[in-house]
Amino acid sequence: MTDKGFVQKTLSCSPRTDYYQGTEETLQRETMFSESNRVSDVFRSLLPWFLALLLGVLTAITGCAISLFSDFLGDTRFGFCYGIFLADRNRCCGGSENVDFLLETCKKPAIGDDGIQWIPWAHLLEFHGGKSNGLFLSWFQYTFASVMFTGLAAYLVYEYAPTARGSGIPEVKAAVSGYDLPLSFTGSCLLIKTLGLSLAVGAGLSLGKEGPLIHIGVCIASTLQRICGAFGWRRAGMPFHELACVGAAAGVATAFGAPLGGVLFAVEELGSVRSLSQRTLLLSFLAAFSASFTLKSLNLTGANKLTLFALSLPTNTARKEWISWEMFAFFLTGVLGGFGGALFVMLNIRCTSWRRESVKKGRVWFLPECLVSHRQPGTLNVLECLILALMTSLLSFPFSRLLRALNTEAVHALFETCPNARPHHFGLCDQEGNMPNTSFPANVGLLVASAVRFIQTTYTFGAAIPSGLFIPSLYIGATLGRFIGNLISTVASSVSQFPVHIEPAVFAMVGAISMLSGFCRMTVSLVVIMFELTGELNYIVPFMCAVLTAKLVGDMMTPSIYDAHAKLNGYMPVEDQENLRFDTVLADISKPCASGGSVKSGIEALGVPATHVAVLTPQAPLLTAYCAFQQKPELQYCVCAESRRCGRMSVISRKEFEDFLTQKVFPLSRPRQEDYQVHPDFDEMDDGPRKFGMMRFWGQSRAVNGPRRPNTSVIGAANPVELQRLESSPESTKKASNSPDS
């Protein structure tokens, strides 16, 4: 028994047995580790899709909140809802289709009456104080509310988030191209942008909420990325410039109810400064879908319609058909849109420059120095916005109802055909309300409205409040286009022997899109957005003609308004170079600096002003640094900020960057045009049969700026060999004949 127990004890404690036990435990740990890695990989792959879905939902909810608040504030200037607390006119009447635009009240229901009614201030004050006193008091209420809302928006922006001013699109494009702008996409900027935009739009200023909604979408994307970073999910599975494109697509889809236009905006506007991956496009598509679906579910307008300007007359009716000779008129409308956009860019940039210089001197740019001088910038910004609101109210209220109403409501009326209550309310139809009003007073009113709104937009855009340009530019173009349609309709009816119907509402839509293209210089995305806004499939060809003409005319004189403001803010436009190519990022060639402190202290240690330094992200393309150095002569350094809190940064000076270009550390030149000679038949491959259309490796081509070294490699690239499709030239034939193989 003793021997047997000794043997069992020996076997149980033998090294071989311990080895097998350790091996089993190791296998179990490895299996558990592989399973956890597999779960982690699945989570990382699904996280960007979940963020895109959530981003669209949150952007749509934010946009609906802005619309509700701004509509309530805007309608408060005209009246109040009796029976429902804090309700605008559409929600008070149970939807826009229940509003009587002629009487400016709600339509009486056919069955029953719950006592809820929209009461205009003019009707209430006329009852108490007579017609003249009621008109004066209603104008006072209109002006007082506009000034108060504008002053509050300006105070919030300056006091809590100065980066919330403007549209935010130049900052979005700069961030996508590689500029490091952390203060432009914080949570405080998101909150103040939302509140300030609601107040500014509700004040009736000549601005829109569509452009700032793009900035808001990117702010939500940045907030979600920081939340993921707090949970240890670094960068949320994708870099910020890709997530910013997804947020911008969700913002456009929320602003216009145009999901396809949102995706195309990300491709056209943001893809022009940095190439987008296929995954980014799919995520943008998902975010735009979720934003549009959320808008449809919330049913903001109460009419169960997604588009902003859903028209009453179907697009396939005979009255909305356009004739081929009208294309010449559409072309002229596009030319006017291009000229108008270029003129606006020049005047607005001049006003913005005067505004900034005057703030540095302690005065308001349009007031004499003796009145306001040596004030704090915050006081000057609030005072300027108060005066702008007062000027806008004085110019808008007395002239016409087109200027007095909200921009979106007026644009919708300009797009509508007669008979309809919307255009009839604004005097766009005749007295019977069946045909367009082409009289001389009506045409003068359209011209005056277009000119006044143009002036108001010129001095408003760039002030210290959130502001957009899409709706004001649509308003200016729509009034101008409706005027052109009235003229053509009058001339056609007097010249033609047969009855010809020219619809001015069609020219209003074409004029609106041409003016917007002249302002922003967008093409494909703009046509799709306009189609989704109105649902007018029949007018895609006129839209394309007007947009292309306006862009070409405007580009010959000025850049777009967003590129001009970006350059004014110090963000140089990133444009693809014809003779140069950059296949690396800035962090690969910049030199690391000593860590410690902050990025601000590191910039101060360089011994140059902050305006002479461009702060970029480590993933910024080399093309961004090249454009910054080329277009800003005073720029001396480009800084890559890896961590702002820890102060980890790397620097490259202008001289070092130029040395890199001179030494050709990476291939910079593009192949010449003559290097792309296609062989008429086929290319001969040395290691196989002849194949049509194959591309040949060629390492002895000459660069545009001189000979290239044969073993040049791209920093960060896997394959340094350049692919070129060449035909055998006389020089190459001579070299081949002199080679020892031949």
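Structural data are supplied above this passage.
Below, the structure is looked at part by part.

## So, the state of the cysteines
A complete count under the given rule lists three disulfides for this structure. At a sulfur-sulfur separation of 2.2 Å, the disulfide partner of Cys81 is Cys92. The sign of the S-S torsion, about 80 degrees, decides the handedness of the disulfide formed by Cys81 and Cys92: right-handed. Remark: Cys92 occurs in helix α3 (residues 89–93) and Cys81 occurs in strand β1 (residues 79–82); sequence separation between them is eleven residues. On the basis of relative accessible area, Cys81 is assigned to the buried category, the value being 11%.

## A word on the packing of aromatic side chains
With the rule as written, the count across this model stands at 15 aromatic pairs. Taking the centre distance of 6.2 Å and the plane angle of 70 degrees together, the rings of Trp322 and Phe330 count as edge-to-face. For the ring pair Phe344 and Phe454, a centre distance of 6.0 Å and an interplane angle of 75 degrees mean the geometry is edge-to-face. Separated by 110 residues along the polypeptide, Phe344 in helix α12 (residues 326–361) and Phe454 in helix α17 (residues 440–460) bring together distant segments of the chain. One aromatic cluster is present, formed by Phe78, Tyr142 and Phe397 through successive ring pairs. Stacked on the ring of Phe397, the Lys or Arg Arg404 has its end atom at 4.3 Å from the ring centre.

## Comments concerning the pattern of salt bridges
Counting across every chain of the model gives eleven salt bridges. Between Asp71 and Arg91 there is a salt bridge, with the nearest N and O atoms lying 3.7 Å from each other. Placement of the pair is Asp71 in helix α2 (residues 15–76) and Arg91 in helix α3, with a sequence separation of 20 residues. Given the relative accessible area of 22%, Asp71 is considered partly exposed. A salt bridge links Glu242 to Arg279; its shortest N-O distance comes to 3.2 Å. Of the two residues, Glu242 is situated in helix α9 (residues 240–256) and Arg279 in helix α11 (residues 278–298); the sequence distance between them amounts to 37 residues. Looking at Glu242, the relative accessible area reads 12%, which means it is buried. According to the relative accessible area criterion, Arg279 is partly exposed, its value standing at 31%. Several salt bridges share partner residues, and in doing so they unite Asp71, Asp88 and Arg91 into one network.

Cut-offs used in this document
- Residues numbered from 1 in each chain as written.
- Predicted model: local features only at pLDDT ≥ 70, side-chain atom pairs only at ≥ 80, totals over all residues.
- Heavy atoms only, no water.
- Disulfide = S-S within 2.5 Å.
- Helix = DSSP H or I, 4+ residues; strand = E, 2+ residues; numbered from the N terminus.
- Buried < 20%, exposed > 50% of the residue type's maximum accessible area, 1.4 Å probe, protein only.
- Phe/Tyr/Trp six-rings, centres within 6.5 Å; stacked < 30°, edge-to-face > 60°.
- Lys NZ or Arg CZ within 6 Å of the ring centre and 35° of its normal.
- Salt bridge = Lys/Arg side-chain N within 4 Å of Asp/Glu carboxyl O.

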